[in-house]
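Chain residues, written in single-letter form:
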Amino acid sequence: MSDFDFTFHAYTAQLDEKRLIGSRCKQCGLISLPPRLLCQHCRSTDMEPFEFSGKGKLAAFSVIYFGPTFMKNYGYGPKNPYVSGIVELEEGPSISAQILGMDMEHPESIQIGTPLTVEFIERGENESKKVFLGFKV
Amino acid sequence: MTSQKLGRGVALVGAGMSKFGAFPGKNSRELFVDAFLEMSASVDKGLDPAAIEAVYIGNFSSELFEGQGHTAPIMTDWVGLNPVPATRVEGACASGGLALRQGILAIASGLYDMVMVGGIEKMTGLSTDGATDSLAAAADVSYEIPAGFTFPGMYAVIATAYMHEYGMTPETLLQVGYKNHEHGALNPKAQFGQRISDIMEARKASAARKGKPVPTWADEFEFLHDNTANPQIAWPLRLFDCSPVSDGAAVGLLVSEELARQFTDNPLYIIGTGQASDTALHGRPTLTSLPAARKAAQTAYDMAGVTPDDIKAVEVHDCFTIAEIVATEDLGFFKAGEGWKAVEDGLTTFGGSRPVNSSGGLKSKGHPVGASGIGQVIEIFHQLRGSAGSRQLPGSPNIGLTHNVGGTGQTCVVNIFERR
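Notes on the structure in this doc start here. Starting afresh in each chain, residues are numbered from 1 along the sequence in its written order. As they are written, the chains are lettered A onward and the ligands numbered 1 onward, keeping that order. In view of the model being predicted, local features appear only for residues whose pLDDT reaches at least 70, and side-chain atom pairs are presented and counted only at 80 or more, with totals across whole chains, interfaces and linings using the full set of residues. With hydrogens and water stripped out, all remaining heavy atoms of the structure feed into the side-chain values.

1. Considerations on the interface of chain B and chain A
Taken residue by residue, the interface counts 25 residues in chain B and 33 residues in chain A. Using a 1.4 Å probe, buried area is obtained as the accessible area two parts lose upon being combined, added over both of them. Here chain B and chain A share an interface that buries about 2400 Å² over both sides, 64% of which is from carbon and sulfur atoms. Summed over the three residues of chain B that lose the most area to chain A, namely Tyr143, Trp235 and His282 of chain B, the buried surface amounts to 30% of that side. Take a side-chain nitrogen of Lys or Arg and a carboxyl oxygen of Asp or Glu: if they are within 4 Å of each other, that pair is a salt bridge. There are one salt bridge connecting chain B and chain A. Among the salt bridges present, the one from Asp129 of chain B reaches Lys72 of chain A, with a minimum N-O distance of 2.5 Å. In protein, a polar contact requires one atom able to donate a hydrogen and another able to accept it; more generally it is a pair of N or O atoms within 3.5 Å, and residues adjacent in sequence count only if both atoms are side-chain atoms. The tally of links between chain B and chain A comes to ten residue pairs in polar contact (both at pLDDT 80 or more). Working rule for contacts: check all heavy atoms of both residues, and any pair within 4.5 Å makes them a contact.

Take a look at the structure:
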């Protein structure tokens, strides 16, 4: 990870390795996800990579019946919906992710605050293989 | 910090819009001509278009929707105004509101005395999937969309956070859509200018005509709970919680305050304008409010020297039903967590103490995203000048406000108008 340069490219390369990496400002200590080239708090560029534990809790969510085309292409739709949400990580930051293991038949039963752990979702084969950020109950 | 002030006064003296809807036979420049002609006709003492010195056009993404970029000079050309400076302004669904603000700033700076501001979007040339993907470009495509989010999905996140924090249920959301269709039924420019009961009758007639079983909904809310008639899009948001995909254009004419009465005896003075920006939804300290909307509103209120109670006509950005509830709190009409109760109590309807979106809002009127911010201004123009016809608010409103949001609040702009 010594070559981690805080870009989207570097972030997704780490996701491919099943690691969730953000940044920590060496000046003020602010932890960021996504990683930042410049600290949102003190504007320092003195950053180091920061690996998240992958533990967090559900901050808010939706059960999505009509998703973007790429999700349709992965087989999702009105008869096979999925949950997307915002996860508040143990280390502070929150991030958007797919949420696995929820009862989509009864969305009103899904509890905000539910503890979650990171789940790297692999889709596609060979050249088109991609890893997406997910969390599971 | 002391409040911001315009360098000099600015007034709105003309406003017009195309019908909003789906128009397979018209592209954005042709809709813009419709809006321009109505704006010209609205100037009480007449307009010589040759006096217009600059044009600002709000447009989110004609590249994605029409395959056409560089739209401002084309709109300007189609209304015969070349070679005046023509500038496109982009802030997703707040593009129109930003174009208005740029026109205000240009006149306030002293550079121009007369500026035309407009907004356009032609969205129905794409399939619903195509429009969904194009709109997604207004979100963070690196860090939000890969999570599977759509705009309905992101506003649904705001809704679930709000429900969790304040105890609202999806029932209240249905009431917002119901109310906006009641209002929009009185607006001849609205895309879906029908009451829910009208839509139900049309569905029944269509089923009977096709020899299919005729649905038997007991009332509007039974229709709105019907998963076939009103399917889930992104729980807790159903189809009738979402504004439609639309085509449309809207145009306003701004002049310096000292010139205003040369054009009309009823100018509307711009007394406040505020704009703010924000990070992606997941990066904010709250999910139940749009911090940029609160900031833009405070800036506009401070400049105008008015409070929420002074606002008598208001158009808010109800791209989704939950957005209207949050907007009424962000603008200070109701305390945080009480906007949904105001809906339950009927306060935001025509007969209520705080009518919201007399035009029918984006839900019923339509949401051609780049035009919507100026479309809101058209409604305020009519409400404050007493020309809103059957949907005229009582009490001769003298101060109006528009609240226009880009994305999930990465851009917010609030403008306040006064008839003196």
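2. Structural notes on unusual backbone geometry
In the segment running from Leu33 of chain A into Pro34 of chain A, the intervening peptide bond is cis, with an omega of 0 degrees. Counting from the N terminus, the helices are DSSP H or I runs at least four residues long and the strands are E runs at least two residues long. Mapping Pro34 of chain A onto the fold places it in the loop between strand S2 (31–32) and strand S3 (47–51). Along the chain, Asn82 of chain B connects to Pro83 of chain B via a cis peptide bond; the corresponding omega equals 15 degrees. Relative to the helices and strands, Pro83 of chain B is located in the loop between helix H3 (71–78) and strand S3 (86–89). For Arg43 of chain A, which is not a glycine, the phi torsion comes out positive at approximately 65 degrees. With respect to the element layout, Arg43 of chain A can be found in the loop between S2 and S3.

3. Details of the sheet that holds S2 of chain A
Pairing between two strands is assigned when DSSP locates at least 2 bridges connecting them. Here we have three strands laid out as an open sheet, ordered S2-S1-S3 (chain A), and antiparallel in their pairing. A strand with exactly one partner marks an edge of an open sheet, and here the two such strands are S2 and S3 of chain A.

4. Here's the deal with the packing of helix H7 (residues 170–184) of chain B against helix H11 (residues 321–330) of chain B
All names here are of chain B. For every element, the axis is a line fit to its C-alpha atoms; helices are fit only across the contacting stretch, and the angle between N-to-C directions ranges from 0 to 180 degrees. Two elements in contact, H7 and H11, have axes whose closest approach is 8 Å; the angle formed by their N-to-C orientations is 90 degrees. Classified by the angle their axes make, H7 and H11 are roughly perpendicular. For the pair formed by H7 and H11, the contact residues are Thr172, Leu173, Val176, Gly177, Lys179 and Asn180 on the first element and Thr321, Ile322, Glu324 and Ile325 on the second. Looking at the contact of H7 with H11 residue by residue, the classes come out as four nonpolar, four polar and two charged. Any angle from 65 to 115 degrees is called roughly perpendicular, while one under 35 is roughly parallel, one over 145 is roughly antiparallel, and all others are oblique. Polar here means any residue outside two lists: the nonpolar Ala, Val, Leu, Ile, Met, Phe, Trp, Tyr, Cys and Pro, and the charged Asp, Glu, Lys and Arg; Gly therefore counts as polar.

5. Observations regarding the layout of surface pockets
Residues and elements named next belong to chain B. Of the volumes computed, that of the largest pocket is approximately 890 Å³. With a 1 Å grid laid over protein atoms only, a set of points is called a cavity when a 1.4 Å probe fits there but cannot get out and a pocket when it is open yet has protein on both sides within 12 Å along at least five of seven lines; lining residues have an atom within 4 Å of a point. Lining of the largest pocket is provided by 37 residues; of these, Leu239, Cys242, Ser243, Pro244 and Val245 occupy positions nearest its centre. Among the elements of the structure, helix H5 (128–136), helix H6 (151–166) and helix H8 (196–209) are those that each provide at least two residues to the lining of the largest pocket. Ranked by the residues each element gives to the lining of the largest pocket, the list is headed by H5, at six residues. Grouping the constituent residues of the lining of the largest pocket by class yields 21 nonpolar, 13 polar and three charged. Grid points are joined across faces, edges and corners, and a volume is the space filled by probe spheres set on the points.

6. Here's the deal with H11 of chain B
Residue and element names in this part refer to chain B. The cut-offs for exposure are 20% and 50% of the maximum accessible area for each residue type, with area from a 1.4 Å probe on protein chains only; residues under the lower value are buried, those over the upper are exposed, and the others partly exposed. Here H11 lies mainly inside the structure; ten of its ten residues are buried. Of all the positions in H11, only Thr321, Ile322, Ala323, Glu324, Ile325, Val326, Ala327, Thr328, Glu329 and Asp330 are classed as buried. Its buried side turned inward, H11 meets H6, H7, strand S6 (237–238), helix H10 (291–304), helix H12 (339–344) and strand S10 (399–406). Just beyond H11, the residue with positive phi is Gly332, at close to 85 degrees.

7. Focus on the environment of Ile233 of chain B
Tracing the backbone through its elements, the reader meets Ile233 of chain B in strand S5 (residues 232–235). For Ile233 of chain B, a relative accessible area of 12% puts it in the buried group. Discounting chain neighbours no more than four positions away, the residues touching Ile233 of chain B are Val63, Ile64, Tyr65 and Phe66 of chain A together with Pro152, Arg238, Leu239 and Cys242 of chain B.

8. Quick notes on the pattern of salt bridges
Side-chain pairing between opposite charges can occur once the charged atoms of the two side chains come close. All names here are of chain B. What the rule picks out here adds up to 24 salt bridges over all chains. Note that Lys365 is salt-bridged to Glu315, the shortest N-O span being 3.9 Å. Placement of Lys365 in helix H13 (residues 361–365) and of Glu315 in strand S9 (residues 313–315) is noted, with a sequence separation of 50 residues between them. Judged by its relative accessible area of 1%, Lys365 is buried.

9. Quick notes on H8 of chain B
Residue and element names in this part refer to chain B. Here, expected helix span is obtained from the residue count minus one, scaled by 1.5 Å. Given a rise of 1.5 Å per residue, 14 residues ought to cover 20 Å, and the 20 Å separating the end C-alpha atoms of H8 matches this to within 8%. Burial in H8 covers these residues: Ile196, Ile199, Met200, Lys204, Ser206 and Ala207. End-on view of H8: buried residues confined to an arc of 165 degrees, all on one side of the axis. In this fold, the buried residues of H8 make contact with H7 and helix H9 (220–224). A positive backbone phi angle near 70 degrees is found at Gly211, which sits one or two residues after H8. Summarising the geometry, the arc corresponds to the directions from the helix axis toward the C-beta atoms.

10. Overview of the pairing of S5 of chain B
The side chains of a regular strand alternate, first on one face of the sheet and then on the other. As paired elements, strand S4 (residues 55–64) of chain A and S5 of chain B share two bridges and run antiparallel to each other. Looking across to S5 of chain B, one finds that Ile64 of chain A is bridged to Ala234 of chain B. Relative to S6 of chain B, S5 of chain B runs antiparallel, the two being bridged by two bridges. Residue pairing across strands places Ala234 of chain B opposite Leu237 of chain B, the latter belonging to S6 of chain B. Linking S5 of chain B to S6 of chain B, which pair antiparallel, is a turn of one residue.

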